[in-house]
Amino acid sequence: YGMGGEASIQGDVYSFGILILEIFTARRPTDQMFDDRNNLHNFVKMALPDRLIEIVDPYLLSREVEETLSEGLNNRNNVESRHEIVENGNLNQLNVQTRNCLLSILQLGLACSRESPKERANMNDAAKELNLTKNDFLRNQRPS
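Residues numbered from 1 in each chain as written. Predicted model: local features only at pLDDT ≥ 70, side-chain atom pairs only at ≥ 80, totals over all residues. Heavy atoms only, no water.

Chemist: Got a sec to walk through the overall build of the protein chain? Specific residues and values, please.
Modeler: Within the protein chain one finds seven helices and zero strands. The order of α-helices and β-strands along the protein chain, N terminus first, is α-α-α-α-α-α-α. By residue count, 35% of the 144 residues in the protein chain fall in the buried class. Of the contacts formed within the protein chain by residues at least 6 apart in sequence, a portion of 61% connects residues at least 24 apart. Of the accessible surface of the protein chain, which amounts to about 9400 Å², a share of 47% is contributed by carbon and sulfur atoms. (Helix = DSSP H or I, 4+ residues; strand = E, 2+ residues; numbered from the N terminus. Buried < 20%, exposed > 50% of the residue type's maximum accessible area, 1.4 Å probe, protein only. Contact = heavy atoms within 4.5 Å. Areas by Shrake-Rupley, 256 points an atom, 1.4 Å probe, with all protein chains shown as cover.)

Next up, the structure:
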């Protein structure tokens, strides 16, 4: 429960936020890169929004990258192009819907994992935001 407090709803919200950050960054709060001052929450907070693609798990981007490759990068080696897109953090290679979805989800993870329990999102609002993000993403994925 974050700072070692007893079980509570706000502790559950914190855990939910950290879980979101773990899933979408493929990093654990216990990762060796983190210490007392630098933690998973701050890592994501400092990266958003400009360095979004640098912190997102590359496996989550593989479908998006494959679509990008099939649309305009077919002249290059697919593995090389995928690596280049992910490594260079080229947000222009991600479609706007995917970028907005990832940004929204990571911001929700940050809102739920704030240090102070009083500053955290409440779970009802978090669930609504997650559902809105999902619906927006799916609505924009349908072919015209």
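Chemist: Got a sec to walk through the nonpolar core? Specific residues and values, please.
Modeler: The biggest cluster of nonpolar side chains holds 29 residues, and the ones touching the most others in it are Leu 21, Leu 40, Val 44, Leu 48, Ile 55 and Leu 106. Elements that contribute at least two residues to this core include exactly α1 (9–25), α2 (40–47), α3 (52–55) and α6 (96–112). For this core, the element with the highest residue contribution is α6, accounting for nine residues. Here Leu 48 is in contact with Ile 55, Leu 103, Leu 106, Gln 107 and Leu 110, once residues within four sequence places are set aside. (Core = buried A, V, L, I, M, F, W, Y, C linked by side-chain atoms within 4.5 Å.)

Chemist: Help me get a handle on the packing of aromatic side chains, residues and values and all.
Modeler: For the structure shown, the criterion picks out one aromatic pair. Here the aromatic rings of Phe 34 and Phe 43 are separated by 5.8 Å at their centres, their planes lie at 70°, and the arrangement is edge-to-face. (Phe/Tyr/Trp six-rings, centres within 6.5 Å; stacked < 30°, edge-to-face > 60°.)

Chemist: So what about the environment of Arg 28? Which residues, and what values?
Modeler: Relative to the assigned elements, Arg 28 resides in the loop between α1 and α2. Taking relative accessible area as the criterion, Arg 28 reaches 59% and is therefore assigned exposed. When residues no more than four places from it in sequence are discounted, the contact partners of Arg 28 are Glu 22 and Phe 34.

Chemist: Residues and numbers for the packing of α1 against α6, please.
Modeler: Relative orientation of the contacting elements α1 and α6 amounts to 145°, with a least axis distance of 7 Å. Relative to α6, the crossing made by α1 is left-handed. Mapping the contact onto sequence places Val 13, Tyr 14, Phe 16, Gly 17, Ile 20, Leu 21, Phe 24 and Thr 25 in α1 and Leu 102, Ile 105, Leu 106, Leu 108, Gly 109, Leu 110 and Cys 112 in α6. Of the residues assigned to the contact of α1 with α6, the class counts are twelve nonpolar, three polar and no charged. (Axes fitted to C-alpha atoms, helices over the stretch in contact; angles between N-to-C directions. Left-handed = near helix turned anticlockwise from the far one by under 90°. Nonpolar A, V, L, I, M, F, W, Y, C, P; charged D, E, K, R; others polar.)

Chemist: An account of the packing of α1 against α2 is needed here, citing residue identities and associated values.
Modeler: Put simply, α1 and α2 touch, their axes get as near as 10 Å, and they point 65° apart. Along this stretch, α1 crosses α2, giving a crossing that reads as left-handed. Facing Ile 18, Leu 21, Glu 22 and Thr 25 of α1, the residues of α2 in contact are Leu 40, His 41 and Val 44. Of the residues contributing to the contact of α1 with α2, the split by class is four nonpolar, two polar and one charged.

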